[in-house]
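# Topology and contacts: notes
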Amino acid sequence: MAVVATEESIINSMAENQKEYGKLTAEQFKRLIQKLPEFRKEEQSLAEVVKNAPKERINKLLGKDFYWAIVYELTYIEHLALLMMAMDKLDFLKEAKNAPDPTQHFLDNFEFDEDPEDWKGGWNGIFEEQDFIGLIFALQRTILSILIYQKTMQTLVEEVRQGNDDSLFDAVRIDRSIMACPTFAARIAKAEFVGDKHFFIRLRNALKGPTQKHWQSYQDLRFALFTLRDLGFDKLTDDQLVDLLVHQLKVYPDRFEAKKNLRKQYNQSKKINHLK
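Quick notes on the rules
Residues numbered from 1 in each chain as written. Predicted model: local features only at pLDDT ≥ 70, side-chain atom pairs only at ≥ 80, totals over all residues. Heavy atoms only, no water. Helix = DSSP H or I, 4+ residues; strand = E, 2+ residues; numbered from the N terminus. Buried < 20%, exposed > 50% of the residue type's maximum accessible area, 1.4 Å probe, protein only. Contact = heavy atoms within 4.5 Å. Areas by Shrake-Rupley, 256 points an atom, 1.4 Å probe, with all protein chains shown as cover. Salt bridge = Lys/Arg side-chain N within 4 Å of Asp/Glu carboxyl O. Arc of directions from axis to C-beta. Expected span 1.5 Å × (residues − 1). Phe/Tyr/Trp six-rings, centres within 6.5 Å; stacked < 30°, edge-to-face > 60°. Core = buried A, V, L, I, M, F, W, Y, C linked by side-chain atoms within 4.5 Å.

### Description of the overall build of the protein
When you go through the protein residue by residue, the secondary structure sums to 15 helices and zero strands. The proportion of buried residues among the 276 residues of the protein is 43%. The contacts of the protein with a sequence gap of at least 6 include a subset with a gap of at least 24, amounting to 71%. Working note: accessible area of the protein is about 15400 Å², and carbon and sulfur atoms make up 52% of it.

Rendered as structure tokens:
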């Protein structure tokens, strides 16, 4: 974990220059938001590849003990650090940290260039293919959780540790395999032991995945609000919200009621628990 801690410190320290939004200029914020359609396309592409791949190839690739739920027990930053190690990007992160503008260097130069045939096991060859796949899949589901709930999967897990069953059901809607996570397994075992029928009715419903309510519009807006919280911006004026979210990021339509609605969304966002 010492190497993970090193990468974590690099990720945390990137982009400390004075900018409009802490670690981000307005243009960098816009570029980050513009990557969301690309993320959705990659998620759909992965699902299509898995669907069409020969069963024998999938079984060989994943092995007998494949699962990634344990990743959700880590912090979000630890998850990212492990993924960067699996991609063998430690040198790249060090270059970014030493650049005049680390965030800009990252946005301009980072490429997900791993060809499965060329991949060599990441940093020092310590990762297996199923490790790499699991880390990527877990990150996709974490981003989806941010788009829907403005929380990482790791935050939902921590809330379950604190006794919040709603967070458990929210997480299961995003990734059903999270029930293999020790925190979730312990809660489910307790419900089984005491015969909590209501709990299992709610769990059954959660297993159906996100409802139409969860898939409602403005997912990009939720991601932008999550990022603002992550950057520590909790005192923006109405005019600043409209300028950023409507005119610059374009994650909310330019309507008469934009100022009022964005203030409501912004205030609600500030109440959401957010762990790093």
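### Regarding the pattern of salt bridges
Inspection of the entire model under this criterion finds ten salt bridges. For Glu158, the salt bridge is made with Arg161, and the minimal N-O distance between the two is 2.5 Å. In this pair, Glu158 and Arg161 both sit in helix H9 (residues 153-161), three residues apart, roughly one turn of the helix. A relative accessible area of 23% places Glu158 in the partly exposed class. Residue classification places Arg161 among the partly exposed positions, given a relative accessible area of 39%. With a closest N to O distance of 2.6 Å, Asp166 and Arg202 form a salt bridge. Separated by 36 residues along the polypeptide, Asp166 in helix H10 (residues 165-174) and Arg202 in helix H12 (residues 197-206) bring together distant segments of the chain. Judged by its relative accessible area of 30%, Arg202 falls in the partly exposed class. Several salt bridges share partner residues, and in doing so they unite Glu73, Glu158 and Arg161 into one network.

### Details of helix H6 (residues 90-98)
Those residues of H6 not exposed but buried are Leu90, Phe92, Leu93 and Ala96. The buried residues of H6 occupy one face: seen down the axis, they fall within an arc of 160°. The exposed set on the far side of H6, more than 90 degrees from its buried face, consists of Asp91 and Asn98.

### Quick look at helix H11 (residues 182-194)
With 13 residues, H11 should reach 18 Å at 1.5 Å per residue; the first-to-last C-alpha distance of 19 Å fits that figure. Residues Thr183, Phe184, Arg187, Ile188 and Ala191 constitute the buried set of H11. The buried residues of H11 all sit within an arc of 125° when viewed along its axis, so they share a single face. Facing away from the buried side of H11 by over 90 degrees, the exposed positions are Ala186, Lys190, Glu192 and Phe193. At the exit of H11 stands Gly195, carrying a positive phi of roughly 70°.

### Re the environment of Ala26
Structurally, Ala26 is set in helix H2 (residues 26-34). Relative accessible area serves as the criterion here: at 9%, Ala26 is assigned to the buried category. Separated by 218 residues in sequence, Ala26 and Leu244 place their C-alpha atoms 7.7 Å apart.

### Points about unusual backbone geometry
Positive phi is not limited to glycine here, since Asp88 has a value of about 60°. When you line up the elements, Asp88 lands in the loop between helix H5 (76-86) and H6. For Asp88, a relative accessible area of 47% corresponds to the partly exposed category.

### A short note on the packing of aromatic side chains
Applying the stated criterion to the full structure yields four aromatic pairs. Summarising the aromatic geometry, the rings of Phe169 and Phe199 are spaced 5.3 Å apart at their centres and angled 50° between planes, so their arrangement reads as tilted. Within this pair, whereas Phe169 is found in helix H10, its partner Phe199 is found in helix H12, the two being separated by 30 residues in sequence. With relative accessibility at 2%, the residue Phe169 sits in the buried group. For the pair Phe199 and Phe200, a centre-to-centre distance of 5.3 Å together with 85° between the ring planes defines the contact as edge-to-face. Judged by its relative accessible area of 27%, Phe200 is partly exposed.

### With respect to the nonpolar core
Core analysis: the largest hydrophobic core is formed by 61 residues, its most contacted members being Ile33, Leu168, Ile178, Phe184, Leu245 and Leu249. Not counting residues up to four positions away in its chain, the partners in contact with Leu168 are Val160, Phe184, Arg187, Phe199 and Leu203.

### A closer look at the environment of Phe184
As for its placement among the helices and strands, Phe184 is situated in helix H11. In this structure Phe184 comes out as buried when scored by relative accessible area, which is 0%. Sequence separation between Phe184 and Phe169 is 15 residues; the distance between their C-alpha atoms is 9.9 Å. Every residue in contact with Phe184, bar those within four places of it in the chain, is listed here: Val157, Val160, Leu168, Ala171, Val172, Ile178 and Met179.

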